[in-house]
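Each chain, letter by letter, is given below.
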Amino acid sequence: MEIIMRFLASLLNIFGFFVYSIIYVITKFRKRKIVPPITNKLLLMPAIELAEKIRKQEIKSESVVRAYIERIQEVDPYLNAVIENRFSEAIKDAQRADELCTKLSQQEIATKYPLLGIPFTVKESVGLKGCSHVVGNVHRKGYRAIKDGAVVENLKQAGCIPLLVSNNPEFCFSWETDNIINGTCHNPYDTRRSPGGSSGGEAALIGAGASLFGIGSDVAGSIRVPGLFTGIFGHKPTGGFLSTDGHFPRPECDNVRIFLQVGPMARYAKDLPILMQIMAGENAYKLNLERPIATKDIKVFYLEDLPFSFSRIPTSSNIQLSIMRAVNYLKKVGLKTEKANIPEFYRIEEISFANVADVTNVPSILVNPKDPENSDNLFLEIMKHVIAKPKYSFAALGFDFLVLSNHNFIPKRNFPKWAKKRDELKASLIKMLGEDGVLILPTYNKQAIIQKTSLVNITGFVFVVAWNVLGFPATHVTMGLDDKGIPVGFQVVAAPYMDKLCLQIATELEAAFGGWVPPKSNMLDESKEVLIKS
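Scoring rules and cut-offs
Residues numbered from 1 in each chain as written. Predicted model: local features only at pLDDT ≥ 70, side-chain atom pairs only at ≥ 80, totals over all residues. Heavy atoms only, no water. Helix = DSSP H or I, 4+ residues; strand = E, 2+ residues; numbered from the N terminus. Rg over C-alpha atoms; globule rule 2.2 N^0.38 Å. Buried < 20%, exposed > 50% of the residue type's maximum accessible area, 1.4 Å probe, protein only. Contact = heavy atoms within 4.5 Å. Areas by Shrake-Rupley, 256 points an atom, 1.4 Å probe, with all protein chains shown as cover. Salt bridge = Lys/Arg side-chain N within 4 Å of Asp/Glu carboxyl O. Pairing = 2+ DSSP bridges. Axes fitted to C-alpha atoms, helices over the stretch in contact; angles between N-to-C directions. Core = buried A, V, L, I, M, F, W, Y, C linked by side-chain atoms within 4.5 Å. Phe/Tyr/Trp six-rings, centres within 6.5 Å; stacked < 30°, edge-to-face > 60°. Expected span 1.5 Å × (residues − 1). Arc of directions from axis to C-beta. Polar contact = N/O pair within 3.5 Å; in protein donor to acceptor, adjacent residues only side chain to side chain.

Draft legend 1. Highlighting the overall build of the protein chain. Of regular secondary structure, the protein chain possesses 17 helices and 13 strands. Taken over the C-alpha trace, the protein chain has a radius of gyration of 22 Å; the compact-globule value for 534 residues is 24 Å, and the two agree within 12%. For the protein chain, the C-alpha atoms occupy an extent of roughly 65 × 55 × 50 Å along the three principal directions. The buried share of the protein chain, taken over its 534 residues, is 60%. Of all intrachain contacts in the protein chain linking residues separated by at least 6 positions in sequence, the fraction that spans at least 24 positions is 79%. Accessible area of the protein chain: about 21,100 Å², with a carbon and sulfur share of 55%.

This is the structure in structure tokens:
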């Protein structure tokens, strides 16, 4: 046992509980804002349905693109999710798509351009040619992507139309979306809460109905946590499967090649398979997405929470309830369900955080690439958040302190031991899940957190980090809203390259429980409420 890490985590949990409770109560006196309701029905159709109507010329791509532009302009004053748009170019792209529909047969379009005329959005770090690629850092101010990220290029070749690049934290080093350059991104269901990170801008837009789907990236839960916080679906593919070419940062390190994955984020689970098929390009055959396993033949293992430990906070009852609702439904329709028994999960913190700390060539926010010899001092920059105007975001400085400088307080000599434990756990889970099994468990231990509190809630992120370290695919499944109008859900995990099982269960549960629910603008005033579990 890494005593120091466990001890500090336990102290942080105690400290974090009281700090978060105080901040939560104070926040209750601030007015809750929710984005305006959706009025255009075009915004409520899945991508696969819109694409069919566009190629049949029943709907014009230009109408769809303009509808999304109007919605973005309506909600972004609430969200601060947009860094830079390309609306004028997108309208021209849509007009070209509509013209193409008059020249090609429906079959030709479906084959060559399966999502012709469908708009989407892109996390800034992923890379959209000609658009901002600053990723929240003062030293990169003015940087623009010189090419499209690999998956963005694949989507464009399939006929999709990018609308904008969205907000992300500095160097993506946070589970919230806040940086000195672009400011704080807000949750569409309650602007006092975080949309998560690092793909928070994407999640906020999609959850608000201002984007149909988007491209995020996930190195330690950065697709799935925002998915939970904003009530959408998000898939982290099998480690190392999709190309991360064009992403910044993209450290040249064997571990990070497995940890870091780009992936789709969407309001509708039924859109995820075709998005994965397109994003994978010539590697799509490896996932065999076109040959789904019969749902009744999928084995379902589940965990409502991780084994008790003082170094982690118990999962909220709302999330545990959503898991049991899903499991009971799957059992009712004929799937075999079983509570998982994974003794190695007691050491999941050490396995996860030791392997995260064992990375090399990770760029530091403190280094100016134009003058790398004169780096800023970490502790001085932390103190500036108290005594002066800060130059860097506090969360990114915290990442530098915890991971890059102190290796999560795990001695480097112990890294090989935890790498071995990782491999043993991976082998055990592959044996358990096989080619027809999934594991349902929490994405995080609570629902959308109050802004700027991720560092006092950091131990909850072990749920998502583990699957990056192990390289397993994982899909966040939204299960609607709780009685306060806050999204709730969990993640579904499968063995490597069995992504289709995650997507299949997500689609099944979407059909059964309704999936994404728009933010409700008629919620009761919460100023008189007591502290709640979410």
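Draft legend 2. Structural view of the pattern of salt bridges. According to the stated counting rule, one finds 24 salt bridges in the structure shown. Here Glu381 ties to Lys384 by a salt bridge, and the two come within 3.2 Å at their closest N and O atoms. Taken as a pair, Glu381 and Lys384 lie in helix 13 (residues 378–387) at a separation of 3 residues, close to a single helical turn. A relative accessible area of 2% places Glu381 in the buried class. Through salt bridges with shared partners, a single ionic network connects Arg32, Asp190, Arg192 and Arg193.

Draft legend 3. Geometry of the sheet that holds strand 9 (residues 299–302). The 11 strands lie next to each other as 1-3-2-6-8-7-12-13-11-9-10, forming an open sheet whose pairing is mixed. Across the chains shown, the open sheet's two edge strands, defined by having one partner strand only, are strand 1 (82–85) and strand 10 (337–339). The sheet shows a mean angle of 25 degrees between the axes of neighbouring strands, taken without regard to direction. Pairing geometry for strand 2 (residues 119–123) and strand 3 (residues 161–166), over 4 bridges, is parallel.

Draft legend 4. Representation of the environment of Ile59. Note on placement: Ile59 falls in the loop between helix 2 (47–55) and helix 3 (61–79). When the C-alpha positions of Ile59 and Ser166 are compared, they lie 27 Å apart, and in sequence the two are 107 residues distant.

Draft legend 5. Local environment of the nonpolar core. Phe345, Leu439 and Trp467 are the most contacted members of the largest nonpolar core, which has 166 residues in total. Once residues within four sequence positions are removed from consideration, Leu439 is found in contact with Phe301, Tyr302, Leu303, Ala340, Ile342, Leu433, Trp467, Gln491, Val492 and Val493.

Draft legend 6. Here's a closer look at the packing of aromatic side chains. Applying the stated criterion across every chain yields a total of 16 aromatic pairs. Ring geometry for Phe171 against Phe248: centres 5.0 Å apart, planes inclined by 85 degrees, an arrangement best described as edge-to-face. Taken as a pair, Phe171 in the loop between strand 3 and strand 4 (178–179) and Phe248 in the loop between strand 7 (233–236) and helix 9 (254–259) lie far apart in primary sequence, 77 residues in all. Residue Phe248 is classed as buried on the basis of its relative accessible area of 18%. Seen from their ring centres, Phe229 and Tyr444 are 5.7 Å apart, and the 65 degrees between their planes marks the pair as edge-to-face.

Draft legend 7. Expanded view of helix 4 (residues 87–101). Taking 1.5 Å per residue as the helical rise, helix 4 with its 15 residues ought to reach 21 Å, and the 21 Å between its terminal C-alpha atoms agrees with that figure. Listing the buried residues of helix 4 in full gives Phe87, Ala90, Ile91, Asp93, Ala94, Ala97, Asp98 and Cys101. Here the buried residues of helix 4 occupy an arc of 160 degrees about the axis, which is enough to place them on one side. Facing away from the buried side of helix 4 by over 90 degrees, the exposed positions are Ser88 and Arg96. Looking at the packing, one finds that the buried side of helix 4 touches helix 2, helix 3, strand 1, helix 5 (106–112) and strand 3.

Draft legend 8. Structural context of the side chain of Asn445. Tracing the sequence through the fold places Asn445 in the loop between strand 11 (437–441) and helix 16 (462–470). Within polar-contact distance, the side chain of Asn445 engages the backbone oxygen of Ile313 at 3.4 Å. With near-sequence residues (within four places) excluded, Asn445 lies in contact with Ile313, Pro314, Thr315, Ser316, Ile319, Gly460 and Phe463.

Draft legend 9. Spotlight on the environment of Glu62. Relative to the helices and strands, Glu62 is located in helix 3. Along the sequence, Glu62 and Glu176 sit 114 residues apart, while their C-alpha atoms lie 33 Å from each other. In this view, Glu62 contacts Ile91, Ala94, Gln95 and Asp98; residues no more than four positions away in its chain are not counted.

Draft legend 10. Summary view of the side chain of Ser211. With respect to the helices and strands, the residue Ser211 is situated in the loop between helix 7 (200–207) and strand 6 (213–218). Discounting residues that sit within four places of it in the chain, Ser211 has contacts with Tyr68, Phe120, Thr121, Leu205, Ile206 and Arg267.

Draft legend 11. Structural detail: the environment of Thr184. Structurally, Thr184 is set in strand 5 (residues 183–184). In sequence terms Thr184 and Asn167 are 17 residues apart; their C-alpha atoms lie 8.5 Å from each other. Residues within four places of Thr184 in sequence aside, it is in contact with Leu79, Asn80, Thr177, Asp178, Gln451 and Lys452.

Draft legend 12. Region of the structure containing the pairing of strand 8 (residues 261–266). Buried residues dominate strand 8, accounting for 6 of its 6 residues. Alignment of strand 6 against strand 8, held across 6 bridges, turns out to be antiparallel. By the bridge assignment, Gly214 is partnered in strand 8 with Met265. Here strand 7 pairs with strand 8 via 2 bridges, running antiparallel. Within the sheet, the bridge partner assigned to Phe233 lies in strand 8 and is Ala266.

The values reported here are purely geometric and, on their own, carry no functional implication.
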